[in-house]
Amino acid sequence: MNDTPRSAGIWRHVPAMAYILLVATVLGLAVNGQLVRRAFHGESMPRADAPLTATIDAADQLPLPVDLAEIQPLAAAGAVVVDARHAADYAAGHLPGAQSLPLGELDARLADFRQRVPADTVIIVYCGGYNCHDSFTLGQRLLAAGYQDVRVFEGGFPLWRDSGLPVEKGAP
Amino acid sequence: MSALRDLLFHLARLAAGAVFLYAAALKVANIDAFAGNVAAYQLLPYSYNYLVAAILPYVEMITGILLLFNVQVRPASLLLMGLNLLFIVVLASAIWRGLDIDCGCFQQSGGGEHVAPLAALLRDVGLMVLLLISYAWRPEPRRGIF
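Per chain, the residues get numbers from 1 upward, laid out in the order the sequence is written. Lettering for chains starts from A, numbering for ligands starts from 1, and both go in the order in which the items are written. Owing to the predicted nature of the model, reporting of local features is limited to residues with pLDDT of at least 70; listing and counting of side-chain atom pairs is limited to 80 or more, with chain, interface and lining totals taken over all residues.

It is worth spelling out the confidence of the model for chain B at this point. Residue-level confidence of the predictor is what pLDDT reports, using numbers from 0 through 100. Chain-level pLDDT for chain B is 89 on average; 91% of the residues reach the 70-or-more range. Interface confidence for the predicted complex, expressed as ipTM, amounts to 0.89; the pTM equals 0.61.

Time to look at the sheet that holds strand 5 (residues 149-153) of chain A. Residue and element names in this part refer to chain A. With parallel pairing, 5 strands are arranged side by side in an open sheet as 1-5-4-2-3. Of all the strands in the sheet, the pair left with one neighbour each is strand 1 (64-65) and strand 3 (99-100). Any two strands between which DSSP finds at least two bridges are classified as paired. Note on conventions: DSSP H or I runs of at least 4 residues are helices, E runs of at least 2 residues are strands, and numbering of each starts at the N terminus. Across 2 bridges, strand 1 lies against strand 5 in parallel orientation. Residue pairing for strand 5: P65 is matched across the bridge by V152.

Take the interface of chain B and chain A next. Across the boundary between the two partners, chain B contributes 27 residues, which contact 26 residues of chain A. Of the residues forming the side of chain B that touches chain A, the biggest block, 10 residues, is contributed by helix 3 (residues 46-68) of chain B. Here the term charged refers only to Asp, Glu, Lys and Arg, the term nonpolar to Ala, Val, Leu, Ile, Met, Phe, Trp, Tyr, Cys and Pro, and the term polar to all other amino acids, Gly among them. Looking at the side of chain B that touches chain A, its residues break down into 17 nonpolar, 7 polar and 3 charged. Contacts here follow a simple rule: the backbone-placed C-beta atoms of the two residues must lie within 7 Å.

This brings us to the pairing of strand 2 (residues 80-83) of chain A. In summary, the side chains of a regular strand alternate between the two faces of the sheet. Residue and element names in this part refer to chain A. Residues with at least 20 neighbouring C-beta atoms inside 10 Å of their own are called buried, those with 12 or fewer are called exposed, and the rest are partly exposed, where every C-beta is derived from the backbone. On strand 2, burial covers both faces: V80 and V82 on one face and V81 and D83 on the other are all buried. Here strand 2 pairs with strand 4 (residues 122-126) via 4 bridges, running parallel. Within strand 4, the residue paired with V82 across the bridge is V125. As paired strands, strand 2 and strand 3 are joined by 2 bridges and run parallel to one another. When the sheet's bridge partners are listed, D83 is paired in strand 3 with S100. Orient the strands so they point away from the viewer; a crossover is then right-handed if the path from the first strand over the helix to the second runs clockwise. This β-α-β element, strand 2 to helix 5 (residues 87-92) to strand 3, shows right-handed connectivity.

Dropping the structure here:
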């Protein structure tokens, strides 16, 4: 029989638990160190599942991430907010003043967009949040099309809406 | 009743170990998406979501393997109970704040299934029971000759 009380027993396991955490941390940083380093240096994230050609073509030209709090000041200073989602999603709700430019229709609509928006405009692209990569891809395409300052709002529409900021509705 | 208790202990540790190893494998396969799912909880500054996403799956992986192989079962289940309690608190805060997000517990890709925080919280409570059994009912190793 074990005569140590159970409460004392819990603390007996602390060193082993700390060891498990240490090994997991070392292992996790060994495998994902680069990803974490990039995140802490504020670099944009080329997604593992982004189209390979897009990553290579625009390797030296990646859209920068933009924070929720920066959007309204940037927009007030003349930045154009671009919604990369389907027109139906746009109609159901979008950031105030955002222009609809679905990634799937870019080829058909890029010329028109370029006529309306000069190349030195700051552009903020967003889509359906962290799981949606269309904004990143659209950002790369706009950079390739000659826009000089393209940023991606990774939190996208869900983060904007859930933060209680005003949402606009209606078709483009 | 000792035989039944031992059987339940082994079933609980195998089930809990398998669940966490499975969860870890899905996260390791898509760390980016997991970081996004962590970020969706809006609890950590941007970069720290990636730090959590980089390390957490390996904690689940190691403890899951330990439970499956019946090695260091008590430290592993204690650690998982702590982690699980953290998950429950975080999920509760997501419910409290009315966030419409995916749990990010298992499948990381968006689109498909969307496990709501409340369902995930209840699942974690069930896991907690398995972990408690794994911790408390582990048979004492026999000491001495008899």
